[in-house]
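Residues per chain, in single letters:
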Amino acid sequence: MGEIKKIAVMTSGGDSPGMNAAIRSVVRTCAYYRVDCVGIYRGYQGMIEDDFIPLDARSVKGIINKGGTFLKSARSKDFMTKEGRKQAHANLKERGVDGLVVIGGDGSFTGGVVFNKEYDFPIIGIPGTIDNDIYGTSHTLGYDTALNTTVDAIDKIRDTASSHNRLFFIEVMGRDAGFIALNAGVGAGAEEILIPEEDLGLERMLESLERSRRTGKTSSIVVVAEGDRTGKNVFELAEYVEENLPEYEVRVSVLGHMVRGGNPSCFDRVLASRLGVKAVELLIDGKTNLMVGLNNNKVATTDLEEAIKGSNEINKELLRVSDIMSI
């Protein structure tokens, strides 16, 4: 790999708080090492459509505290084709880009791995997803912010649940992973937490809610990850409880995409800054096909393919803590 003189940075897939902070870190690290930097709008689709913008240290002022991504994000079907990737590579070479920083999740990294294999193009990944489901890092960008947003919302809902003696089912994001539901559920004191990794069953949930009622609880919170399949969906769960425990007045609240938004937490801003610096330094040092992440509070690298194929395990100890706390 030749000398790195220009680096491109892009965001891809679902947005997450901290992406702007990561872009800022990449751009300013490039400026520090006197490497040119360009941003690519709308991820791989923008790469195919030659939607590039020069970036310097002043281009990224005032964004460390902003959620979302000012470079925009999109999923690209065109990049899944050889023709699309060929056009993307031609645009990068035409622009004189020598290396690429991809901020996104496993889908974004998968595209990067394929692109690297086809064109031997240097790529470093920064994990940006609220789901925290990327192997090789204890925290992905946006996860901490999403937890705080979720806990804050549950706290507010508990106020009205207590006022009206209601049972609330609160659905949070987490299609295939229950990290947000489990951690936010414990943090907010939920009576039950339903996640894709653990099929607790309808009867166990009923027993738990009935036990809570008998021991004097007049309101309850059940946190449900959107990928949980205890019932077909959260509304079916609510109907089932109403039919079998008529003592409860049941309500459903779906937090949805509000969990993705908002200003990133201090933790996510610092994490983004650390990972952005490391990503640029790896490219300058001739490294490629790696993801930067956090392990034992130290920045570490993982092979991109391993990050995609591996899986983060749910914390079984936290499940046990949740059971004890719901007594």
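In this text the structure is predicted, and so the values were computed from the model without any measurement.

Peer 1: Is there a simple way to think about the pattern of salt bridges in this case?
Peer 2: Charged atoms that come close allow side chains of opposite charge to pair. Overall, the coordinates contain twelve salt bridges when judged by the stated rule. Its salt-bridge partner being Glu-191, residue Arg-158 comes within 3.8 Å of it at the nearest N-O pair. Here the residue Arg-158 occupies a position in helix α5 (residues 143-164), and Glu-191 occupies one in the loop between α6 (179-188) and β7 (192-194), the gap between them amounting to 33 residues. The network of salt bridges with shared partners includes Arg-42, Glu-49 and Asp-51.

Peer 1: I tried to follow the packing of aromatic side chains on my own but got confused; where do I start?
Peer 2: The geometry of an aromatic ring pair comes down to the distance between the two centres and the angle between the two planes. With the rule as written, the count across this model stands at five aromatic pairs. Measuring from ring centre to ring centre gives 5.0 Å for Tyr-32 and Tyr-33, while their planes differ by 85°; the resulting arrangement is edge-to-face. Classification of Tyr-33 as partly exposed rests on a relative accessible area of 37%. An angle of 15° between the planes, with centres 4.0 Å apart, marks the rings of Tyr-44 and Phe-79 as stacked. Of the two residues, Tyr-44 is situated in helix α2 (residues 43-48) and Phe-79 in the loop between β3 (52-55) and α3 (82-94); the sequence distance between them amounts to 35 residues. You'll find Tyr-44 and Phe-79 in the same group, each marked buried. Aromatic ring contacts, followed pair by pair, group Tyr-44, Phe-79, Phe-115, Tyr-119 and Phe-121 into a single cluster.

Peer 1: Which parts of the structure should I look at to understand the packing of α3 against helix α4 (residues 106-119)?
Peer 2: Between two packed helices, the angle of one axis relative to the other and the distance separating the axes together describe the packing. Relative orientation of the contacting elements α3 and α4 amounts to 70°, with a least axis distance of 11 Å. Between α3 and α4, the crossing angle belongs to the class labelled roughly perpendicular. Across the interface between the two elements, Lys-82, Arg-85, Lys-86, Ala-88, His-89 and Leu-92 of α3 pack against Val-114, Phe-115, Glu-118 and Tyr-119 of α4.

Peer 1: Just to check I follow, could you spell out the nonpolar core for this structure?
Peer 2: If you look at the biggest cluster of nonpolar residues, it comprises 31 residues, and the most contacted ones within it are Ile-7, Val-9, Val-26, Val-101, Ile-103 and Ile-126. Breaking this core down by element, the ones donating at least two residues are β1 (6-11), α1 (19-32), β4 (99-104), β5 (123-127), α9 (266-284) and β10 (290-295). In this view, Ile-7 contacts Cys-30, Val-35, Asp-36, Cys-37, Val-38, Val-97, Gly-99, Val-101, Val-280 and Leu-283; residues no more than four positions away in its chain are not counted. Formed by 30 residues, the second largest nonpolar core is a distinct cluster that contains Ala-153, Leu-182, Val-259 and Ile-314.

Peer 1: How should I be thinking about the sheet that holds β1 in this particular structure?
Peer 2: Pairing between the strands of a sheet comes from backbone hydrogen bonds, and it takes one of two forms, parallel or antiparallel. In spatial order, the strands read β3-β2-β1-β4-β5-β10-β11; together these seven strands make up an open sheet with mixed pairing. Strand pairing shows two members of the sheet lacking a second neighbour, β3 and β11 (298-303), which therefore form its edges. Between one strand axis and the next, the sheet turns by 30° as a mean value, whatever way the strands run. With six bridges connecting them, β10 and β11 associate as antiparallel partners. Each residue of the ladder has a partner; that of Leu-290, found in β11, is Asp-303. Across the sheet, α9 lies against β1, β4, β5, β10 and β11, angled at about 140° from β10, the strand it touches most.

Peer 1: Where do I start with α3 in this structure?
Peer 2: Given 3.6 residues per turn, any residue in an α-helix points the same way as the ones three and four places further on. Spanning 13 residues, α3 covers 18 Å between terminal C-alpha atoms, matching the ideal 18 Å at 1.5 Å per step. Of all the residues in α3, the buried ones are Gly-84, Arg-85, Ala-88, His-89, Asn-91 and Leu-92. Seen end-on, α3 carries its buried residues on one side only, within an arc spanning 160°. Facing away from the buried side of α3 by over 90 degrees, the exposed positions are Lys-82, Glu-83, Lys-86 and Glu-94. Buried residues belonging to α3 abut β2 (36-40), α2, β3 and α4. Note on α3: the residue one or two positions beyond its end, Gly-96, has a positive phi of about 75°.

Peer 1: Which parts of the structure should I look at to understand the sheet that holds β7?
Peer 2: Taking strand neighbours across the sheet as the criterion, the four strands line up as β7-β8-β6-β9 in an open arrangement whose pairing is parallel. Where the open sheet ends on each side, the last strands, each with one partner, are β7 and β9 (249-254). Across the sheet, the axes of successive neighbouring strands diverge by a mean angle of 20°, strand direction being ignored. Inspection of the sheet shows β7 paired to strand β8 (residues 220-225) by three bridges, in the parallel sense. Following the sheet pairing, Leu-194 is matched in β8 by Val-224. In this fold α6 packs onto β6 (166-172), β7 and β8, with an angle of close to 175° to the strand it touches most, β7.

Cut-offs used in this document
Residues numbered from 1 in each chain as written. Predicted model: local features only at pLDDT ≥ 70, side-chain atom pairs only at ≥ 80, totals over all residues. Heavy atoms only, no water. Salt bridge = Lys/Arg side-chain N within 4 Å of Asp/Glu carboxyl O. Helix = DSSP H or I, 4+ residues; strand = E, 2+ residues; numbered from the N terminus. Phe/Tyr/Trp six-rings, centres within 6.5 Å; stacked < 30°, edge-to-face > 60°. Buried < 20%, exposed > 50% of the residue type's maximum accessible area, 1.4 Å probe, protein only. Axes fitted to C-alpha atoms, helices over the stretch in contact; angles between N-to-C directions. Parallel < 35°, antiparallel > 145°, perpendicular 65-115°, else oblique. Contact = heavy atoms within 4.5 Å. Core = buried A, V, L, I, M, F, W, Y, C linked by side-chain atoms within 4.5 Å. Pairing = 2+ DSSP bridges. Expected span 1.5 Å × (residues − 1). Arc of directions from axis to C-beta.

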